[in-house]
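# Notes for the structure review
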Amino acid sequence: MLQRYNRCIGCRTCMVACPYNARHLLTPHRRDRRNPRDVADKCDFCIVRVTRGLAPLCVASCTGGAMIFGDRNDPDSEVAKMIKNNKTFTLRPEMGNEPQVYYIGLDGPIADPEFAFHQRAEEVHRRENTFKRDNELGGDMAGDIIDTEMDFWGLMRHIGRNFKTFFGAAPHKIFRGPY
Amino acid sequence: MEGHIIANVYHHEYWGFPIALYFWLVGGSAGSFVISTLGWVFGVKKYKPVAFFASNFATVLLLIVPVLLITDLGKPWRFFHLLMIPSFSHWSAPMVWGSWFILTYPVGMVIYSYFVYYKN
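None of these values were measured; they are calculated from a predicted model. (Residues numbered from 1 in each chain as written. Chains lettered and ligands numbered in written order. Predicted model: local features only at pLDDT ≥ 70, side-chain atom pairs only at ≥ 80, totals over all residues.)

## As for the overall build of chain A
Assigned secondary structure in chain A consists of 6 helices and 4 strands. Its helices and strands in sequence order give chain A the pattern α-β-β-α-α-α-β-β-α-α, from N to C terminus. Expressed as a percentage of the 179 residues in chain A, the buried residues total 9%. In chain A, the proportion of contacts linking residues at least 24 apart, taken out of those at least 6 apart, comes to 30%. (Helix = DSSP H or I, 4+ residues; strand = E, 2+ residues; numbered from the N terminus. Buried ≥ 20, exposed ≤ 12 C-beta atoms within 10 Å, placed from the backbone. Contact = placed C-beta atoms within 7 Å.)

Next comes the structure, spelled out in C-alpha cells:
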C-alpha cells in the first residue's frame, strides 16, 4: 500500500480507522527537510529497495535472520515454503482483512490486541514524555496522551497542557512555509 | 480500556481536544437553531423573542469551527483538498461530506436569520 504524500492533509482519519496501529503521522522534525512531514504514513516494505531487487532494510539487518521477505505466489520461494511447512498466524484474523504478514509461533499474549495496546501505550508515553521534556515546543499538538491513568485531576492536567501546546504550536504549524 | 474492547479499536485518541470542542460547538449551534425554530415553526410564542439572537448565535458558533478543524490538520494549508471535487476528493470519505455541510450550514443560517429579522 503506497500513498501520495502531496495529497495527504494529515487529518488522521486513517489512523483512527486502522485496526493494526500501523499508520502514523510523520514527524515535522525530519533530518532532511525535503522529506515529507506531517502526513500519515505506513510501512511500505521499503519499496525503493524492493523495486531494486533488495530485501527490506528490517529483513536485511535482522541479526537473527528471523524475518523472511519474498513472493508468496511463487511456490518455489522461501516464503511460500515456510508458510506451507509451518503453522502460521496473522494478527486479528477475525476481521477478515487478510494481512500478508505471517507469524510462526505467534502465541499467548503477543497476538492479543489488548496486551499489545498496553505494551505500546507504555512505550508511546515514555517517548512522548521524553520528547516533551527535551524540546522547547513541547511535542505535538493537542490529543497526545501524557498520563496513563486518567482520573479527574489527570484529565484536568491533560486539558490544561493540551491548551498550552495547542495554542503554542498552532502559529508554528501555520507560518512555517508550504512544506 | 472497556471502551476500546467494546468499540474493537486498540489505539490512542488521535483526535484530541480541538475535535471534541468542535463537536461541542456544532451541538450548541444545532441546539440554538432548534430554539430559534420553536417560535416560528412549532408555534411556541414564548420563544419568539429569542429567535433572532439564537439563529445568529448558531452562526457565530459555526464560525469558530473551521479554525479548530484546520489548525488540527497536519497540513493546514491543504484543507482545500477536501473541497476539490474532480481530482482529490473521494465521495466515500465522511470528512468530505462533513466539510461541505460545515460550509453550507452557516450560509443557510444567515438566510434564515435574514427572514427571521425582516419578516418579523
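Read on, since the account is not over.
## What about the packing of helix α2 (residues 17-40) of chain B against helix α3 (residues 51-72) of chain B?
Residues and elements named next belong to chain B. Close contact between α2 and α3 brings their axes to 8 Å; oriented N to C, the two are set at 165°. Considering their axes alone, α2 and α3 lie roughly antiparallel with respect to each other. The interaxial crossing formed by α2 with α3 has left-handed handedness. Grouping the constituent residues of the contact of α2 with α3 by class yields 19 nonpolar, 7 polar and 1 charged. (Axes fitted to C-alpha atoms, helices over the stretch in contact; angles between N-to-C directions. Parallel < 35°, antiparallel > 145°, perpendicular 65-115°, else oblique. Left-handed = near helix turned anticlockwise from the far one by under 90°. Nonpolar A, V, L, I, M, F, W, Y, C, P; charged D, E, K, R; others polar.)

## Quick notes on the nonpolar core
Phe33, Ala51, Ala54, Phe57, Ala58, Leu61, Leu62, Met109 and Val116 of chain B form the largest nonpolar core, which has 9 residues in total. Looking at this core, the elements that each hand over two or more residues are α3 and α4 (94-118) of chain B. In terms of residues, this core owes the most to one element, α3 of chain B, which gives 6 residues. Judged by nonpolar contacts, the second largest core, of 8 residues, contains Cys8 of chain A together with Tyr22, Leu69 and Ile70 of chain B. (Core = buried A, V, L, I, M, F, W, Y, C linked by C-beta atoms within 7 Å.)

## Describing the packing of α3 of chain B against α4 of chain B
Residue and element names in this part refer to chain B. Put simply, α3 and α4 touch, their axes get as near as 9 Å, and they point 160° apart. Between α3 and α4, the interaxial angle falls into the category roughly antiparallel. Both α3 and α4 take part in a crossing whose hand is left-handed. Contact with α3, carried on its side by Ala51, Phe52, Ser55, Asn56, Ala58, Thr59, Leu62, Leu63, Val65 and Pro66, involves Ile102, Tyr105, Pro106, Met109, Val110, Tyr112, Ser113, Val116 and Tyr117 of α4 and no other residues of that element. When the residues that make up the contact of α3 with α4 are grouped by side-chain class, the tally is 15 nonpolar, 4 polar and no charged.

## Focus on unusual backbone geometry
Residue and element names in this part refer to chain A. Phi at Arg12 is positive, roughly 70°, even though this residue is not glycine. Relative to the helices and strands, Arg12 resides in the segment before α1 (13-17). Notably, Arg92 is not glycine yet its phi reads approximately 50°, a positive angle. Relative to the helices and strands, Arg92 is located in the loop between β3 (88-89) and β4 (103-104). Arg92 sits in the partly exposed class, given 16 other C-beta atoms within 10 Å.

## Quick notes on the environment of Met1 of chain A
Its location among the elements puts Met1 of chain A in the segment before α1. Met1 of chain A sits 46 residues away from Ile47 of chain A along the chain, and the two C-alpha atoms are 9.7 Å apart.

## Considerations on the environment of His24 of chain A
Residues and elements named next belong to chain A. Inspection of the secondary structure assignment puts His24 in strand β1 (residues 24-25). Note on His24: 14 C-beta atoms within 10 Å, which makes it partly exposed. Sequence-wise, His24 and Ala40 are 16 residues apart; in three dimensions their C-alpha atoms are separated by 5.4 Å. In this structure His24 touches Met15 and Asp41, once residues within four positions along its chain are discounted.

## Structural notes on α2 of chain B
The end-to-end C-alpha distance of α2 of chain B, which contains 24 residues, comes to 35 Å, matching closely the 34 Å that a straight helix rising 1.5 Å per residue would cover. The complete set of buried residues in α2 of chain B reads Phe17, Pro18, Tyr22, Ser29, Ser32, Phe33 and Ser36 of chain B. (Expected span 1.5 Å × (residues − 1).)

## With respect to α4 of chain B
All names here are of chain B. Compared with the 36 Å implied by 1.5 Å per residue over 25 residues, the 36 Å span of α4 between its first and last C-alpha is a close match. For α4, the complete set of buried residues consists of Ser99, Met109, Ser113 and Val116. Looking at the buried positions of α4, the neighbouring elements they touch are α2 and α3.

## Thoughts on the environment of Val96 of chain B
All names here are of chain B. Relative to the assigned elements, Val96 resides in helix α4. Taking the C-alpha atoms as reference points, Val96 and Ile85, separated by 11 residues in sequence, lie 9.2 Å from one another. If we skip the residues at most four places from it in the chain, Val96 touches Leu82, Ser89, His90 and Trp91.

## A few points about the confidence of the model for chain B
Close inspection of predicted coordinates is inappropriate in any region flagged by low pLDDT. Across chain B, the average pLDDT comes to 87, with 94% of residues at 70 or higher. Note on the complex model: pTM 0.68, ipTM 0.75. (pLDDT = per-residue confidence, 0-100.)

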